[in-house]
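Chain by chain, the residues:
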Amino acid sequence: MTQSTPVSSSLRTRWRQWTPEQRREFLRRLDAPERERLLEVLDAPEPGPAWDQVARPEQLPPVGEWLLWLYMAGRGAGKTRAAAEWSHGRALAYPGCRIALVGRTPADVRDVMIEGDSGILTVAAMSGRCTSRPSAA
Ligand SMILES: Nc1ncnc2c1ncn2[C@@H]1O[C@H](COP(=O)(O)OP(=O)(O)O)[C@@H](O)[C@H]1O
Ligand SMILES: [Mg+2]
């Protein structure tokens, strides 16, 4: 993951305001890696409001000491998002910590919990704190 800088969001804002001609002129001056970076910035989800501002009470971890937090609710309730937000918060609070994401299959973990619409990469990008780049491997 690479940290997103304020430059990323101001670049995105400026890009939106430019005319097609201004965009073309800007692109013309960039080399290939810079162009790729620009696409990453433009593709990244919009930074959203802070999670603790929008989370429903049941989506926030229980107060006090706890070992297991079971969030049992119907489809679309926000379970995956709550888990992704909690994991992301722990990763920011404890850089380098190891977090086990346990799912039915490795593909479920990757497709839903990591790369899904409510997954950790989306949540991290929405937080405006990080962008991610999948490794080639
Ligand atoms: N508190 C919330 N405010 C706004 N959107 C939310 C909230 N909780 C979840 N969402 C969004 O609702 C959708 C469904 O959430 P998701 O976590 O995938 O549900 P579940 O895993 O319970 O099926 C996702 O787009 C998610 O980002
Ligand atoms: Mg889910």
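Note that the coordinates shown come from a computational prediction; the quantities given were computed from them, not determined experimentally.

Along the protein, the regular secondary structure elements total seven helices and two strands. Going from the N terminus to the C terminus, the protein shows its helices and strands as β-α-α-α-α-α-α-α-β. Taken over 137 residues, the protein has a buried fraction of 22%. Taking the contacts inside the protein whose residues are at least 6 apart along the sequence as the reference set, 50% of them involve residues at least 24 apart.

Attention now goes to the packing of aromatic side chains. Applying the stated rule across the entire model yields four aromatic pairs. Geometrically, the ring pair formed by W15 and W18 is edge-to-face, given 6.1 Å between the ring centres and 65° between the ring planes. Taking the relative accessible area as the measure of exposure, W15 reaches 13% and is therefore buried. We classify W18 as buried; its relative accessible area is 18%. For the ring pair W66 and W86, a centre distance of 5.9 Å and an interplane angle of 55° mean the geometry is tilted.

The next subject is the environment of W15. With respect to the element layout, W15 can be found in helix 1 (residues 6-17). Here the alpha-carbon distance between W15 and L38, two residues 23 residues apart in the chain, equals 9.7 Å.

Moving on, we come to the pattern of salt bridges. As a working rule, side chains carrying opposite charge can pair if their charged atoms are close by. All told, the structure shown has seven salt bridges when counted by the stated rule. Between R56 and E58 there is a salt bridge, with its nearest N and O atoms 3.0 Å apart. Note on E58: relative accessible area 41%, which makes it partly exposed. Residue R104 pairs with D108 through a salt bridge whose shortest N-O separation is 3.4 Å. D108 sits in the partly exposed class, given a relative accessible area of 26%. Through salt bridges with shared partners, a single network forms among E25, R28 and R29.

About the thresholds
- Residues numbered from 1 in each chain as written.
- Chains lettered and ligands numbered in written order.
- Predicted model: local features only at pLDDT ≥ 70, side-chain atom pairs only at ≥ 80, totals over all residues.
- Heavy atoms only, no water.
- Helix = DSSP H or I, 4+ residues; strand = E, 2+ residues; numbered from the N terminus.
- Buried < 20%, exposed > 50% of the residue type's maximum accessible area, 1.4 Å probe, protein only.
- Contact = heavy atoms within 4.5 Å.
- Phe/Tyr/Trp six-rings, centres within 6.5 Å; stacked < 30°, edge-to-face > 60°.
- Salt bridge = Lys/Arg side-chain N within 4 Å of Asp/Glu carboxyl O.

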